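Single-letter residue listing:
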Amino acid sequence: MDSPLVQPDDGATLDLIYNEIRARLAAQVEYSRALDSKAELVLSSSSLIITIGVGLKGLLGGSAPSSCMPIRALGTAIFVLSGAFYAASMVLGFRAYTLYEFHRQASPRTLWDKYLPMEPVEARRRLIQNMIVAYENNRETITSQKVPSLKWALRCLVAETLSLLVALILAAG
């Protein structure tokens, strides 16, 4: 399981690698938190927009003359479509926001039990290898689950907003 990245026996080199990986893991967690903030914004914006739209639709309700039945039917269909975009943005937003299990460093008890009996250089080498695996697993979670879900949630939010505007314009007659 030795990797060419962590072969040196020089403690200073291992310290450098350890500190760099630790910093990247911290940056990765911050990036994930930033994505969660964006997902929260999509969720709240989508809910606010649909709430305002439903309220305005209720006020405008049947203001179009009955001779414009095809336009009213089209407006209603587009309004229902905006509801579908709302539902999709909520599902995708929650999928992006869902707390995925992040791989982090071992627990203090594991560190004590597993690494204390080892030689310091070997302990540092194995700890670095575990951190590399955690970083790669976290990157996979972020790029394959959080980011795509957030992108699609944002697209659905835009589609919801535009379809709701069209439905309200048609309802206003």
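These remarks concern the structure in this document. Residue indices begin from 1 for each chain and proceed along its sequence in written order. In view of the model being predicted, local features appear only for residues whose pLDDT reaches at least 70, and side-chain atom pairs are presented and counted only at 80 or more, with totals across whole chains, interfaces and linings using the full set of residues. Each side-chain value is derived from all of the structure's non-hydrogen atoms; neither hydrogens nor water enter the calculation.

## Some thoughts on a nonpolar patch on the surface
Okay, so step 1: Taken together, Leu48, Ile52, Leu56 and Leu59 make up a surface patch of nonpolar side chains, about 410 Å² in accessible area.
Okay, so step 2: A run of H or I in DSSP counts as a helix once it spans at least four residues, and a run of E counts as a strand once it spans at least two, with each numbered from the N terminus. For Ile52, the location among the structural elements is in helix α1 (residues 11-60).
Okay, so step 3: Note on exposure labels: buried denotes an accessible area under 20% of the residue type's maximum, exposed denotes more than 50%, and partly exposed covers the range between, all computed with a 1.4 Å probe on protein chains only. Judged by relative accessible area, which is 47%, Ile52 ranks as partly exposed. Any residue with relative accessible area above 30% and no salt bridge may belong to a patch, with like charges joined within 9 Å and the nonpolar Val, Leu, Ile, Met, Phe, Trp and Tyr side chains within 5 Å. For every accessible area listed, the method is Shrake-Rupley and the probe measures 1.4 Å; residues are considered covered only by the protein chains on display. The term salt bridge refers to a side-chain nitrogen of Lys or Arg lying within 4 Å of a carboxyl oxygen of Asp or Glu.

## Details of the pattern of salt bridges
Okay, so step 1: Scanning the model with the defined rule gives 7 salt bridges in all.
Okay, so step 2: Among the ionic pairs, Arg124 bridges to Asp15, the shortest N-O distance being 2.6 Å. Here Asp15 lies in helix α1 and Arg124 lies in helix α4 (residues 120-172), a separation of 109 residues in the sequence.
Okay, so step 3: Taking relative accessible area as the criterion, Arg124 reaches 27% and is therefore assigned partly exposed.
Okay, so step 4: We classify Asp15 as partly exposed; its relative accessible area is 35%.
Okay, so step 5: Put simply, Lys146 and Asp36 hold a salt bridge, and the shortest N to O gap is 2.4 Å.

## Some remarks on the packing of α1 against α4
Okay, so step 1: Where α1 meets α4, the closest approach of the two axes is 8 Å, and the angle between their N-to-C directions is 15°. Accordingly, the angle class assigned to the pair α1 and α4 is roughly parallel. Crossing angle aside, the handedness with which α1 passes α4 is left-handed.
Okay, so step 2: Its residues placed into classes, the contact of α1 with α4 shows 30 nonpolar, 7 polar and 11 charged. Each axis is a line fitted through C-alpha atoms, and for a helix only the stretch in contact is used; angles between axes span 0 to 180 degrees, taken between their N-to-C directions. Oblique is the label for every angle not falling under 35 degrees (roughly parallel), over 145 degrees (roughly antiparallel), or within 65 to 115 degrees (roughly perpendicular). What makes a crossing left-handed is the near helix being turned counterclockwise from the far one by less than a right angle; a clockwise turn instead makes it right-handed. Only Asp, Glu, Lys and Arg are considered charged in this grouping, and only Ala, Val, Leu, Ile, Met, Phe, Trp, Tyr, Cys and Pro are considered nonpolar; every other residue, Gly among them, is considered polar.

## Quick look at the environment of Ile169
Okay, so step 1: Mapped onto the elements, Ile169 comes out in helix α4.
Okay, so step 2: Among the residues examined, Ile169 registers a relative accessible area of 60% and is labelled exposed.
Okay, so step 3: Considering only alpha carbons, one finds Ile169 and Gly75, 94 residues apart in sequence, at a separation of 8.1 Å.

## Examining the nonpolar core
Okay, so step 1: Buried Ala, Val, Leu, Ile, Met, Phe, Trp, Tyr and Cys residues that are joined via side-chain atoms within 4.5 Å together make up what is termed a nonpolar core. Membership of the largest hydrophobic core is limited to 12 residues, which are Leu14, Ile17, Tyr18, Ile21, Leu25, Tyr115, Met118, Ala123, Leu127, Ile128, Met131 and Ile132.
Okay, so step 2: At the level of secondary structure, the elements contributing two or more residues to this core comprise α1 and α4.
Okay, so step 3: Setting aside residues up to four positions removed in sequence, Leu25 forms contacts with Met131, Ala134, Tyr135 and Asn138. Whether two residues are in contact is decided by their heavy atoms, any of which lying within 4.5 Å being enough.

## Thoughts on the packing of aromatic side chains
Okay, so step 1: Only the six-membered ring of Trp is used, alongside the rings of Phe and Tyr, when aromatic pairs are assigned; centres must lie within 6.5 Å, and planes under 30 degrees apart are stacked while those over 60 apart are edge-to-face, with the rest tilted. For the coordinates displayed, the defined rule picks out 0 aromatic pairs.
Okay, so step 2: Working rule: Lys NZ or Arg CZ, within 6 Å of ring centre, within 35 degrees of ring normal, means a charge sits over the ring. Its guanidinium or amino end placed over the ring of Phe79, Lys57 lies 5.6 Å from that ring's centre, counting from NZ or CZ.
Okay, so step 3: Here the guanidinium or amino end of Arg124 rests over the ring plane of Tyr18, the centre of that ring lying 4.5 Å away.

## Section: the packing of α1 against helix α2 (residues 69-97)
Okay, so step 1: Between α1 and α2, the shortest axis-to-axis distance is 9 Å and the interhelical angle comes to 160°. Between α1 and α2, the angle falls in the class roughly antiparallel. The chirality of how α1 crosses α2 is left-handed. Residues Asp36, Ala39, Glu40, Leu43, Ser46, Ser47, Ile50, Gly53, Val54 and Lys57 of α1 touch α2, and the partners they reach there are Thr76, Phe79, Ser82, Gly83, Tyr86, Ser89, Met90, Gly93, Phe94, Ala96 and Tyr97.
Okay, so step 2: Looking at the contact of α1 with α2 residue by residue, the class counts come to 10 nonpolar, 8 polar and 3 charged.

Spatial relationships are all this shows, so hold off on functional conclusions.
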